[in-house]
Amino acid sequence: MIRFIEDPAERQKISREILEALTDWFEVEESREQYISESAGQPFWAAFENDTPAGFLCLKETGKETVELAVMGVRKEYHRNGIGRQLFEAARHFAVNEGYSFMQVKTVRSGVYADYDITNEFYKSLGFKELEVIEAVWGEDNPCQIYVMDLKSVLDIISKRHSYRGRFFEEPVPRKDLETIALAGIDAPSGCNKQTTELVIIDDPDVLNNVKSLIDPPVAQTAPAMIVVLAKRINAYRDKCFATQDYSAAIENMLLAAVSLGYQSCWYEGHITDDDRICDKIAAVLGVPEGYDVVCILPIGRALDEIKAPAKKPFEERVSFNHFGDK
Ligand SMILES: Cc1cc2nc3c(=O)[nH]c(=O)nc-3n(C[C@H](O)[C@H](O)[C@H](O)COP(=O)(O)O)c2cc1C
């Protein structure tokens with residue numbers, strides 16, 4: 001479980017405990033002490049396993065637009081457990097919400113120490129891009145690799161979005177974020193601008209539980225919020241109805257907006273529109289009037305489990321230039 005730590009003394013206690021267990025990376029006592037001392041005043045998250053700190057991460061503002069992943073450490077026995085990624089996602093969520101455009105992180109360049117090679121791979125897997133190597137920072141024996149991440153890049157968000165079907169953290173999703181996601185949905189294009197997609201945001205725990213109880217087999221049961229997508233099947237012109245295309249565009253916009261704010265979701269449509277018509281039962285609970293179809297539910301929340309990218313076919317198999325099949 002990931003927790004934001006407020007208390008400066010607790011921050012220092014946790015950072016000391018973790019960094020002193022990671023001397024392969026934090027060998028120099030003086031710089032270790034500096035990280036510990038500075039961590040007291042920095043936004044700080046800790047990961048707990050059975051109430052014991054397993055890792056931590058803290059951020060530092062380095063410019064009006066940029067925040068630095070100042071230091072992070074996860075006990076070796078918890079490596080490859082998704083804890084580093086969860087800590088990072090909590091920090092990214094915070095950085096995006098605080099309005100930062102970039103996150104940077106420094107480490108020793110790949111190819112110098114095996115342990116740091118793993119760190120480099122980890123940062124790259126999170127989406128960090130190589131910015132510059134500067135030897136003057138830690139000396140020529142420890143060339144400093146600076147990585148940067150554009151927190152607002154649409155292309156990055158598109159590549160980071162995956163259907164998430166795991167558990168969510170319990171914490172409620174602020175209304176402001178739900179409104180931002182919904183706004184991204186209704187900002188989507190629609191055939192003849194008929195705007196056939198409407199939304200019901202659910203953040204009331206009682207309503208949420210009523211809806212969840214209808215979903216069989218159960219999915220999204222731990223989601224702290226949900227967006228229910230409604231389609232008004234009216235014609236855009238003559239007998240042409242584009243409601244399906246309209247809500248598809250709205251849903252993709254919302255999925256991307258959710259990921260850009262540090263949340264995860266999944267497009268649950270097949271699950272609720274099958275022969276058992278869960279969608280109609282949801283419509284009844286929400287008081288959706290005649291003329292609208294409930295077509296999809298989007299759980300919204302922060303991921304507690306690992307986010308997995310499914311395999312996709314190679315680019316060449318699906319994309320041609322100028323003539324079908326031409327590469
Ligand atoms: C129209 C549509 C309906 C979907 N319905 C469901 C669903 O009912 N349940 C589910 O788990 N995923 C559903 N998905 C998500 C897909 O399974 C998922 O997009 C696909 O496996 C690719 O994975 P990705 O989203 O991580 O790229 C749906 C996606 C679309 C576009």
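Nothing here was measured: the structure is a model prediction, and the numbers come from that model.

Definitions and limits used
- Residues numbered from 1 in each chain as written.
- Predicted model: local features only at pLDDT ≥ 70, side-chain atom pairs only at ≥ 80, totals over all residues.
- Buried ≥ 20, exposed ≤ 12 C-beta atoms within 10 Å, placed from the backbone.
- Helix = DSSP H or I, 4+ residues; strand = E, 2+ residues; numbered from the N terminus.
- Pairing = 2+ DSSP bridges.
- Near = placed C-beta within 6 Å.
- Nonpolar A, V, L, I, M, F, W, Y, C, P; charged D, E, K, R; others polar.
- Contact = placed C-beta atoms within 7 Å.
- Domains from an automatic or database assignment.
- Axes fitted to C-alpha atoms, helices over the stretch in contact; angles between N-to-C directions.
- Parallel < 35°, antiparallel > 145°, perpendicular 65-115°, else oblique.
- Left-handed = near helix turned anticlockwise from the far one by under 90°.

Here we look at the pairing of strand S7 (residues 144–150)
Of the two faces of S7, the one lined by Gln-145, Tyr-147 and Met-149 is fully buried and the one lined by Cys-144, Ile-146, Val-148 and Asp-150 carries no buried residue. Of the strand pairs in this sheet, strand S5 (residues 102–108) and S7 are connected by 7 bridges, and their pairing is antiparallel. Note on S7: the bridge partner recorded for Lys-106 is Ile-146. Direction of pairing for strand S6 (residues 129–134) relative to S7: antiparallel, over a ladder of 5 bridges.

Notes on the environment of Gly-99
The topology assignment puts Gly-99 in the loop between helix H3 (83–97) and S5. C-beta crowding within 10 Å serves as the criterion here: with 11 such atoms nearby, Gly-99 is assigned to the exposed category. Along the primary structure Gly-99 and Lys-152 are separated by 53 residues, whereas in three dimensions their C-alpha atoms are 9.5 Å apart.

Quick word on the site of the ligand
His-162, Ser-163, Arg-165, Cys-266, Trp-267, Tyr-268, Glu-269, Gly-270, His-271 and Pro-310 make up every residue found near the ligand. When grouped by side-chain class, the residues that make up the shell around the ligand number 4 nonpolar, 4 polar and 2 charged.

Some details on the environment of Ile-307
Within the fold, Ile-307 resides in the loop between strand S10 (292–300) and helix H10 (315–318). Ile-307 sits 271 residues away from Ile-36 along the chain, and the two C-alpha atoms are 30 Å apart. Residues within four places of Ile-307 in sequence aside, it is in contact with His-162, Tyr-164 and Gln-264.

Considering the domain arrangement of the protein
Put simply, an interface is often sized by how much accessible area is lost when its parts join up. You can read the domains of the protein as domain 1 (2–152) and domain 2 (175–300). Averaged C-alpha coordinates put domain 1 and domain 2 at centres separated by 37 Å.

Points about unusual backbone geometry
The omega angle of the peptide bond from Asp-216 to Pro-217 is -5°, so this bond is cis rather than trans. Assignment of secondary structure puts Pro-217 in the loop between helix H7 (205–212) and strand S9 (225–232). Notably, Asn-50 is not glycine yet its phi reads approximately 50°, a positive angle. Positionally, Asn-50 belongs in the loop between strand S2 (44–49) and strand S3 (52–61).

What to know about the sheet that holds S10
The strand order S8-S9-S10 describes an open sheet built from 3 strands, whose pairing is antiparallel. For this open sheet the edge positions go to strand S8 (197–202) and S10, each flanked by a neighbour on one side alone. Averaged over neighbouring strand pairs, the angle between their axes works out to 25° when direction is ignored. With 6 bridges joining them, S8 and S9 adopt antiparallel strand pairing. Pairing of Thr-197 across the sheet is with Ala-231, part of S9. Packed onto the sheet, helix H6 (residues 175–186) meets S8, S9 and S10 and runs at close to 170° relative to S8. Most of the contacts of helix H8 (residues 243–260) go to S9, to which it runs at about 160°, and overall it touches S8, S9 and S10.

What to know about the sheet that holds strand S4 (residues 66–74)
Read across the sheet, 7 strands follow the order S1-S2-S3-S4-S5-S7-S6 without closing on themselves; strand pairing throughout is mixed. The open sheet has two free edges, formed respectively by strand S1 (2–4) and S6, since each of these has just one partner strand. Across the sheet, the mean angle from the axis of one strand to that of its neighbour is 25°, orientation sign disregarded. Here 6 bridges tie S2 to S3, and the two strands are oriented antiparallel to one another. Paired with Ala-46 across the bridge in S3 is Phe-56. Here helix H1 (residues 8–20) sits on the sheet and contacts S2, S3 and S4; the angle it forms with S3, its principal contact strand, is near 110°. Sitting on the sheet, helix H4 (residues 114–126) touches S5 and S7, and the angle it makes with S5 is about 165°.

Quick look at the packing of H6 against H8
If you want to describe how two helices pack, look at the angle between their axes and the distance between the axes. The contact between H6 and H8 brings their axes to 7 Å, and the two run at 150°. Between H6 and H8, the angle falls in the class roughly antiparallel. Pair H6 / H8 crosses with right-handed handedness. Where H6 abuts H8, its residues Thr-180, Ile-181, Ala-184, Gly-185 and Ile-186 lie against Ala-250, Asn-253, Met-254, Leu-256, Ala-257 and Ala-258. A per-class count over the contact of H6 with H8 returns 8 nonpolar, 3 polar and no charged.

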